[in-house]
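Structural features, examined
For reference, the chains in residue letters:
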Amino acid sequence: MGGANHVSLFAVPQNASSIPAATPAAPAGKARAGAAAAASPARKALEKLGLTRDIDLALHLPLRYEDETRITAIASARTGEVAQIEAVVTASEVQLHPRRMLKVMVDDGSATCELTFFSFYPSHRKALAVGERLRIRGEVKGGFWGRQMLHPAFRKAGGDLPSALTPVYPTTAQLPQAYLRRAIATALARVQLPETVPHALAPPLPGWGSAGAGGWTLRDALIFLHHPTPDVALATLQDHSHPAWQRLKAEELLAQQLAQLTARRARERLQAPQLRAAAGDGALGAQLRALLPFALTGAQERVVREIAADLADHRPMHRLLQGDVGSGKTIVAALAACVCIDAGWQCALMAPTEILAEQHFAKLVDWLAPLLAARGQCVAWLAGGQKKKERSAMLELVASGAAALVVGTHAVIQEQVQFARLGLAVIDEQHRFGVAQRLQLRKKLDHQGREPHLLMMSATPIPRTLAMSYYADLDVSTIDELPPGRTPVVTKLIADSRRDEVVQRIALQLAAGRQVYWVCPLIEESEALDLTNATATHAELSEALPGVAVGLLHSRMPAAEKKAVMDAFKAGQMGVLVSTTVIEVGVDVPNASLMVIEHAERFGLSQLHQLRGRVGRGSAASACVLLYSVGDNGRLGESARERLKAMLETADGFEIARRDLEIRGPGEFLGARQSGDALLRFADLAQDGALLTWARESAPRMLDTHPQLAQAHLQRWLGGRADFLKA
Ligand code: ADP
Ligand code: MG
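Residues numbered from 1 in each chain as written. Chains lettered and ligands numbered in written order. Predicted model: local features only at pLDDT ≥ 70, side-chain atom pairs only at ≥ 80, totals over all residues. Heavy atoms only, no water.

The protein is annotated in an unreviewed UniProt entry as ATP-dependent DNA helicase RecG from Comamonas faecalis. Under the UniProt heading Sequence similarities (unreviewed entry), the entry covering the protein gives this text: "Belongs to the helicase family. RecG subfamily." (UniProt positions renumbered as here; feature names shortened; annotations may be inferred.)

Here it is as structure tokens:
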């Protein structure tokens, strides 16, 4: 490398064409003089990126590289290519038409090239004066008037060419690339990188930990990835197949497994109440079963047993109950609650939103409330929108223990809520809670030296690789069978231009006494827009279907109003329900037989699957219509096409989840918006199965045989972020 000097002179943004003309780049000289003053915001930006320790910086790998190791003759530079040239300025002038710009002509003896700057300072003019010999880097554009570069980076010629590729790091606006490069180079030179993985546990990679035998030490791997030699096959860096990358991925996966295993072992040392149901007909669970209009499926019985076994243990349960939409998770949760209450403890049930909490648990409360009342106990409801008076009454019931069952949103785990004896917490749609909320929950649960049991439920099955990695700290129960009597849903893909036919189809369903959902997409950037959308559709359908009650439900309606609409639809007083995605999960109206999803191309795959699960709940033949609109180019985007294709091809929740993972990556499964920290940065579960298996097998052995190395390894990779993995 040409050292810091080289880097700082190239501080002019590389992708200069993206600079708006209105905000001229700072002159190079000033930028350097102001470096000290700039250090503080830059350091803050580093912190924001989580780059506080030397090791964090060393592990902040380039997005891509620039080749500044060669000088290209202007005559042989190809159009569209980024090239570095060395040439002398032969002309330099400021033009005012059609707008103000600096035009500079350079010549390297092979040909000339014109440089254009729309934003420039006097210092630029000086540096680009006639006679100056410069090293210039930018994208070559061929024009009628000859070769050109727009806002190229430049510096005075001279000095050695760097011998390694120049890294380009992911960064933010407050953190100049040059500053970041210096910070990383310094950290990399200084950081301690002892090998942590014992030889006996070496991953399936050649020559692990030794510089010879084709192997890579961590130090070599990092130095190489920050500054690869120009002869490297760039594709192997891009697709992370290069041995230096493999080495990092193995370490990262191991760190993740160690973190989860550590969390698991720590939890297993905690004490939870051992919850056993009363025996015989007097048991709450037996009473509940007697009320059910159906018998549990084999799969439900199995998971009920798995959960009961956990509850009876002195180690706190940490179990995920997964089952497709409509597989009947609620009754399983109810039976778990019965065991807990029978044993004399309180049970908390939570859903991510008020409407979901209400819908998910309404039936359960209907069933249990009378049974509890007969025992002198009650159900408490806790939600954000509650009146103060009602809320304090509820808090009182929770604190006294009179409320055996506490149902609500995350209000259930807020500061002021004190449980008398919390034995079991059930979280529905757990992935929709943010990481911070899940951490808060764990804190809440950790009280009085006794940890309650935790049951999480999800209708989005977690693909096996994810279960093995991110959820290694969880036990998983799966309901892999739907209750009998469900009719398969026919799925149809229809262009929005044929909307009229769909409306006719709705009329037919209504005439047969059925009900219909019409879902409009939630437009994330603008709640107002999705309201407009839904309102327009509501008006359109009301007009097209005279005499039919068409309801409207959207995200900004007050909870009471939402409830009134839902109740009317449930009671059959409404033929059509137009809504934004608020009905995404949890609605149970067996008489609804048609689901129309407008702009289906905008929905995520698991969302579509969940919505489709809202119909086919009764005995009537049901259908799901995916209305799609193509973009301006007359086509669907690729991932939209993949999603819709998957919907047509399969109704199996696991297959859907697998494809979803393929299309989107793991982020969404984990609520990545909040938990980016906990995500794997380097490894890719779809590609690195072998390394994942190695990491899984090695983590327990390493913890047992080399606990100190395991700690060092965890510190290196996770530092202060280990907490997130517990959530
Ligand atoms: P989900 O797993 O999506 O939460 P629910 O618990 O809401 O599913 O159950 C969906 C519907 O199926 C409910 O109406 C529920 O009462 C019913 N149900 C659950 N288990 C059975 C069963 N074994 N037989 C018949 N119906 C069942
Ligand atoms: Mg449910």
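Turning to the packing of helix H9 (residues 243-268) against helix H24 (residues 689-705), a few remarks are in order. It is the contact of H9 with H24, at a shortest axis distance of 8 Å, that shows an interaxial angle of 50°. One finds that H9 runs oblique with respect to H24. Judged by the twist between their axes, the crossing of H9 over H24 is right-handed. Contact residues: H9 offers Gln246, Lys249, Ala250, Leu253, Leu254, Gln257, Leu258, Leu261, Thr262 and Arg265, while H24 offers Leu691, Leu692, Trp694, Ala695, Arg696, Ser698, Ala699, Pro700, Met702, Leu703 and Asp704. Of the residues assigned to the contact of H9 with H24, the class counts are 13 nonpolar, four polar and four charged. (Axes fitted to C-alpha atoms, helices over the stretch in contact; angles between N-to-C directions. Helix = DSSP H or I, 4+ residues; strand = E, 2+ residues; numbered from the N terminus. Parallel < 35°, antiparallel > 145°, perpendicular 65-115°, else oblique. Left-handed = near helix turned anticlockwise from the far one by under 90°. Contact = heavy atoms within 4.5 Å. Nonpolar A, V, L, I, M, F, W, Y, C, P; charged D, E, K, R; others polar.)

Leu288, Ile331, Leu368, Leu405, Leu424 and Ile597 are the most contacted members of the largest nonpolar core, which has 72 residues in total. Among the elements that line this core, the one with the most residues is helix H12 (residues 329-342), at 11 residues. In contact with Leu405, not counting residues within four places along its chain, are Ala337, Ile341, Cys347, Leu349, Leu364, Leu368, Leu372, Cys378, Val379 and Ala380. Within the second largest apolar cluster, 70 residues are counted, among which are Ile55, Val398, Val406 and Leu422. (Core = buried A, V, L, I, M, F, W, Y, C linked by side-chain atoms within 4.5 Å. Buried < 20%, exposed > 50% of the residue type's maximum accessible area, 1.4 Å probe, protein only.)

Neighbouring strands of a sheet are bound in pairs by backbone hydrogen bonds; such pairs are parallel or else antiparallel. Reading across from one edge, S17-S22-S21-S18-S20-S19 is the order of the six strands in this open sheet, with parallel pairing throughout. Two strands close off the open sheet at either side, each with one partner strand: strand S17 (489-495) and strand S19 (550-553). Across the sheet, the mean angle separating the axes of adjacent strands is 20° when strand polarity is ignored. Examined bridge by bridge, strand S18 (residues 515-519) and strand S20 (residues 576-579) share four bridges and lie parallel to one another. Across the sheet, Val516 pairs through a bridge with Val576, a residue of S20. (Pairing = 2+ DSSP bridges.)

Bringing the site of ligand 1 into the picture now. Lining the immediate environment of ligand 1, one finds 17 residues, of which Gly326, Lys329, Thr330, Arg486 and Asp588 sit closest. Ser327 is positioned with one of its backbone polar atoms (N or O) 3.4 Å from an oxygen atom of ligand 1. Burial of ligand 1 by the protein amounts to 83% of the accessible area it has alone, namely 570 Å². A class-by-class count of the residues in the shell around ligand 1 yields five nonpolar, six polar and six charged. (Near = heavy atom within 4 Å. Polar contact = N/O pair within 3.5 Å; in protein donor to acceptor, adjacent residues only side chain to side chain. Areas by Shrake-Rupley, 256 points an atom, 1.4 Å probe, with all protein chains shown as cover.)

Bringing the packing of aromatic side chains into the picture now. In total, this model carries five aromatic pairs according to the counting rule given. Between Phe117 and Phe154 the ring centres are 5.8 Å apart and the planes differ by 80°, which places this aromatic pair in the edge-to-face class. Separated by 37 residues along the polypeptide, Phe117 in strand S4 (residues 112-117) and Phe154 in strand S8 (residues 153-156) bring together distant segments of the chain. Given a relative accessible area of 2%, Phe117 falls into the buried group. Overall, the relative accessible area of 8% leaves Phe154 in the buried class. (Phe/Tyr/Trp six-rings, centres within 6.5 Å; stacked < 30°, edge-to-face > 60°.)

Bringing the sheet that holds strand S14 (residues 422-427) into the picture now. Read across the open sheet, the seven strands follow the order S12-S13-S11-S14-S15-S10-S16; overall the sheet is parallel. In this open sheet, the two strands that pair with only one neighbour each are strand S12 (378-382) and strand S16 (475-479). Each strand axis lies, on average, 20° off the axis of its neighbour in the sheet, ignoring direction. As paired elements, S14 and strand S15 (residues 453-458) share four bridges and run parallel to each other. Along S15, the bridge assignment pairs Ala425 with Leu454. Sitting on the sheet, helix H14 (residues 388-400) is in contact with strand S11 (346-350), S12 and strand S13 (403-408), with an inclination near 130° to S12.

This brings us to the environment of Met566. Mapped onto the secondary structure, Met566 falls in helix H19 (residues 559-570). A C-alpha to C-alpha distance of 9.7 Å links Met566 and Val589, two positions 23 residues apart in sequence.

With that out of the way, let us pick up the pairing of strand S21 (residues 592-597). Of all six residues in S21, six are buried, a share of seventy percent or more. Two strands pair when backbone bridges link them, and S18 and S21 are joined in this way by five bridges, in the parallel orientation. Residue Tyr517 lies in a different strand from S21, and its bridge partner there is Met595. Of the crossover connections in this fold, the one passing from S21 over helix H20 (residues 605-612) to the parallel strand S22 (residues 622-628) is right-handed. (Right-handed = clockwise from strand over helix to strand, strands pointing away.)

Let us now look at the side chain of Thr166. Relative to the elements of secondary structure, Thr166 occurs in strand S9 (residues 166-168). Since its relative accessible area comes to 1%, Thr166 is described here as buried. Engagement of the side chain of Thr166 in a polar contact is seen with the side chain of Glu68, the distance being 3.1 Å. In this structure Thr166 touches Arg64, Tyr65, Glu66, Glu68 and Arg181, once residues within four positions along its chain are discounted.

Take the side chain of Glu252 next. For Glu252, the position within the fold is in helix H9. The buried charged residue Glu252 lacks any salt bridge, with Arg681 as its nearest oppositely charged partner at 4.5 Å. Within the structure, Glu252 has its side chain in polar contact with the backbone nitrogen of Ala683 (distance 2.8 Å). (Lys, Arg positive; Asp, Glu negative; His and termini not counted. Salt bridge = Lys/Arg side-chain N within 4 Å of Asp/Glu carboxyl O.)

Let us now look at the pattern of salt bridges. In a structure, side chains of opposite charge can pair up when their charged atoms sit close to one another. Summed over the entire model, instances satisfying the criterion amount to 34 salt bridges. Here Asp67 makes a salt bridge to Arg70, at a shortest N to O gap of 3.2 Å. On the basis of relative accessible area, Arg70 is assigned to the exposed category, the value being 54%. A salt bridge links Arg78 to Glu81; the nearest nitrogen and oxygen atoms lie 3.3 Å apart. Here the salt bridges share partners, and the residues they tie into one network are Arg302, Glu306, Asp310, Arg319 and Asp480.

Before going further, it helps to examine helix H25 (residues 707-718). Look at H25: 16 Å from first C-alpha to last across 12 residues, which is about the 16 Å you get at 1.5 Å a residue. By the burial criterion, the buried members of H25 are Ala710, His713, Leu714, Arg716, Trp717 and Leu718. Projected down its long axis, H25 carries its buried residues within an arc of 160°, all on one side. In this structure, the buried residues of H25 make contact with helix H4 (54-58), helix H7 (218-226), H9 and H24. The positive-phi residue at the C-terminal boundary of H25 is Gly719, with phi of around 50°. (Expected span 1.5 Å × (residues − 1). Arc of directions from axis to C-beta.)

Right, let's get into helix H17 (residues 499-511). In this model H17 runs 19 Å from its N-terminal to its C-terminal C-alpha over 13 residues, within 8% of the 18 Å that 1.5 Å per residue would give. Those residues of H17 lying buried are Arg499, Val502, Val503, Ile506 and Leu510. Taken down its axis, H17 places every buried residue within 100° of arc, on the same side. Pointing more than 90 degrees away from the buried face of H17 are the exposed residues Asp500, Gln504, Leu508 and Ala511. At the exit of H17 stands Gly513, carrying a positive phi of roughly 85°.

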